[in-house]
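# Chain and residue survey
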Amino acid sequence: MTELELLTRIAERLDEIADKLDGKATADTAPTFDEFARYYFDTYRRRKVKPETLRADTYRYNAHICPAIGEMSLPVLTPDKVQKVLDKLENKPKTAYEVFTLINLVCKTAIKHGIITRNPCDMAILPDYERRHGKALTTDETRQLLTATDGTDIQRIYALALYTGLRPNEYATARIQGQFVIARNSKQKDGREHTKRIPITAKLAPYVKDGLPQPRRIPYLRNKFKQILPTHKLYDLRTTFYTSCQECGVSELARNLFMGHALGGLADTYTDVSDAYLIAEALKLEI
């Protein structure tokens, strides 16, 4: 059976479920988790994420999810079965979190299609993953990083990340426009190009007075960073910026705009914040 034939069959079965069962699918009539997951990936996931993210998601799905629960009918998938998948990854907390995210997305989509009524992921217990959102650098660690790279473009790149919260894959897209650093938001979900703007604060200004540093390869930046701060990762520079925003009282709206986080719902459509507001919020970081 070709992929197109499989997707057609799944779509037909979904229509049949909606029409004949009024959204109350049974184990005999509902698609298997694998059938619906592949329908979800092809119909929705590929439109919302970048090709490299889709490839990584597909790899995780094929390696950890499909062999364990792929043949199960969706209504048969219970919290304990989801938990068993995650427990096998207890020594790989990051992978467990990513696998959980995929299963959860598929189940939420199945609920919206009327195939199941409850999400078996709601009771899941994930392995401890304290670092998944990063660990902020202390003042001494920040000083150590900037001192160890003093006078180099590497220092300026690290400073750019420290004082803007840019993701590593956004460094090369950054440019200066007036009082702001403008960069592509790498997490856009609708296929369009989105940018974010972060005011140039007094802490960042000395490092960008002659323009932005030349981009360097991310693996090199990671390795150099790890040599200086072996208990941290490059992404922790972003976490440090976000933590500083929280501690200095930067508003939640400004924080999310600086970080490039989705605001959700109508806010993403109608929120058009002035430069003056963003600059005023960024001034709080200079205290």
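Residues numbered from 1 in each chain as written. Predicted model: local features only at pLDDT ≥ 70, side-chain atom pairs only at ≥ 80, totals over all residues. Heavy atoms only, no water.

### Describing the pattern of salt bridges
Condition: By salt bridge we mean one thing: a side-chain nitrogen of Lys or Arg within 4 Å of a carboxyl oxygen of Asp or Glu. We count a stretch as a helix when DSSP gives it H or I for four or more residues in a row; a strand needs E for two or more, and each element gets its number in order from the N terminus. Any residue under 20% of the maximum accessible area for its type is buried, any over 50% is exposed, and the rest in between are partly exposed; the area is computed with a 1.4 Å probe on protein chains only.
According to the stated counting rule, one finds twelve salt bridges in the structure shown. Across the pair D57 and R45 runs a salt bridge whose closest N-O atoms are separated by 2.9 Å. Here D57, found in helix α3 (residues 51–69), pairs with R45, found in helix α2 (residues 33–48); they are twelve residues apart in sequence, far enough to count as distant. Accessibility classification places D57 together with R45 in one group, the buried group. The closest approach of N and O atoms between K284 and E281, which form a salt bridge, is 2.9 Å. Residue class for E281 comes out buried when judged on its relative accessible area of 9%.

### Considerations on helix α7 (residues 153–162)
Threshold: Throughout, a contact is declared for two residues whenever any of their heavy atoms are within 4.5 Å.
Of all ten residues in α7, nine are buried, a share of seventy percent or more. Burial in α7 covers these residues: I154, Q155, R156, I157, Y158, A159, L160, A161 and L162. For α7, the elements touching its buried residues are α6 (139–148), β2 (180–184), α8 (205–208), α9 (218–228) and α10 (236–247).

### Points about the state of the cysteines
Inclusion rule: The disulfide criterion used throughout: a pair of cysteine sulfur atoms within 2.5 Å.
For the structure on display, the rule yields zero disulfides. With no disulfide of its own, C107 lies closest to C121 among cysteine sulfurs, the gap being 4.3 Å. Classification of C121 as buried rests on a relative accessible area of 3%.

### As for the sheet that holds strand β1 (residues 175–177)
Heads up, the condition is: A pair of strands is considered paired only if DSSP assigns at least 2 bridges between the two. Note on geometry: axes are lines fitted to C-alpha atoms, helical ones only across the stretch in contact, with angles between N-to-C directions running from 0 to 180 degrees.
Read across the open sheet, the three strands follow the order β1-β2-β3; overall the sheet is antiparallel. Both outer strands of the open sheet, β1 and β3 (195–199), are each paired with one neighbouring strand and no more. Geometrically, the sheet is characterised by an average inter-axis angle of 35° between neighbouring strands, direction not taken into account.

### A closer look at the confidence of the model for the protein
Short version of the rule: The score called pLDDT rates the predictor's confidence residue by residue, from a low of 0 to a high of 100.
Of the residues in the protein, 82% have a pLDDT of 70 or more, and the chain-wide mean is 85. Under a pLDDT of 50 for its full length, residues 264–270 has, in the predicted model, three contacts with residues more than four places off or in other chains.

### Considering the side chain of K196
The line we're drawing: Nitrogen and oxygen atoms within 3.5 Å of one another constitute a polar contact, given that in protein one can donate a hydrogen and the other can accept it, and given that sequence-neighbouring residues count only through two side-chain atoms.
One can find K196 in strand β3. Among the polar contacts listed, one links the side chain of K196 to the side chain of E170, at a separation of 2.7 Å. In this structure K196 touches L166, R167, E170, V181, I182, A183, R184, R238, L257, F258, M259 and G260, once residues within four positions along its chain are discounted.

### Observations regarding the packing of aromatic side chains
Condition: The rule is short: rings of Phe, Tyr and Trp, with Trp giving its six-membered ring, pair when the centres are within 6.5 Å, and they are stacked under 30 degrees, edge-to-face over 60, tilted in between.
The tally for this structure, following the rule as stated, stands at nine aromatic pairs. Their ring planes at 50° and their centres at 5.7 Å tell us that F41 and Y61 sit as a pair that is tilted. Residue F41 is located in helix α2, and its partner Y61 is located in helix α3; the two are separated by 20 residues in the primary sequence. An identical accessibility class is assigned to F41 and Y61; each is buried. Aromatic ring contacts, followed pair by pair, group F33, F36, Y39, Y40, F41, Y44 and Y61 into a single cluster.

### Comments concerning the packing of α7 against α9
The condition is simple: When describing relative orientation, an angle under 35 degrees is termed roughly parallel and one over 145 degrees roughly antiparallel, while 65 to 115 degrees is termed roughly perpendicular and anything else oblique.
Packing of α7 against α9 brings their axes to within 12 Å, and their N-to-C directions diverge by 90°. Between α7 and α9, the angle falls in the class roughly perpendicular. Together, I154, I157 and Y158 of α7 and Y220, L221, K224 and F225 of α9 make up the contact between the two elements.

### Section: the packing of α3 against helix α5 (residues 93–112)
To keep things clear, this is the line we draw: Note on residue classes: Ala, Val, Leu, Ile, Met, Phe, Trp, Tyr, Cys and Pro are nonpolar, Asp, Glu, Lys and Arg are charged, and everything else, Gly too, is polar.
Where α3 meets α5, the closest approach of the two axes is 10 Å, and the angle between their N-to-C directions is 75°. Judged by the angle between their axes, α3 and α5 are roughly perpendicular. Contacts between α3 and α5 pair D57, R60, Y61, H64, I65 and I69 from the former with T95, E98, V99, L102 and I103 from the latter. Here the residues of the contact of α3 with α5 sort into six nonpolar, two polar and three charged.

### Considering the environment of T117
Locating T117 in the fold gives a position in the loop between α5 and α6. C-alpha of T117 to C-alpha of C107: the two residues are ten residues apart in sequence and 9.5 Å apart in space.

### A few points about the pairing of β2
Buried residues dominate β2, accounting for five of its five residues. In β2, alternate side chains face the same way, and those of F180, I182 and R184 on one face and V181 and A183 on the other are all buried. Two strands pair when backbone bridges link them, and β1 and β2 are joined in this way by three bridges, in the antiparallel orientation. If you follow I176 over to β2, its bridge partner there is V181. The hairpin turn running from β1 into β2, its antiparallel successor, is two residues long, and G178 in that turn takes a positive phi close to 65°. Relative to β3, β2 is paired through five bridges, and the arrangement is antiparallel. Each residue of the ladder has a partner; that of R184, found in β3, is T195.

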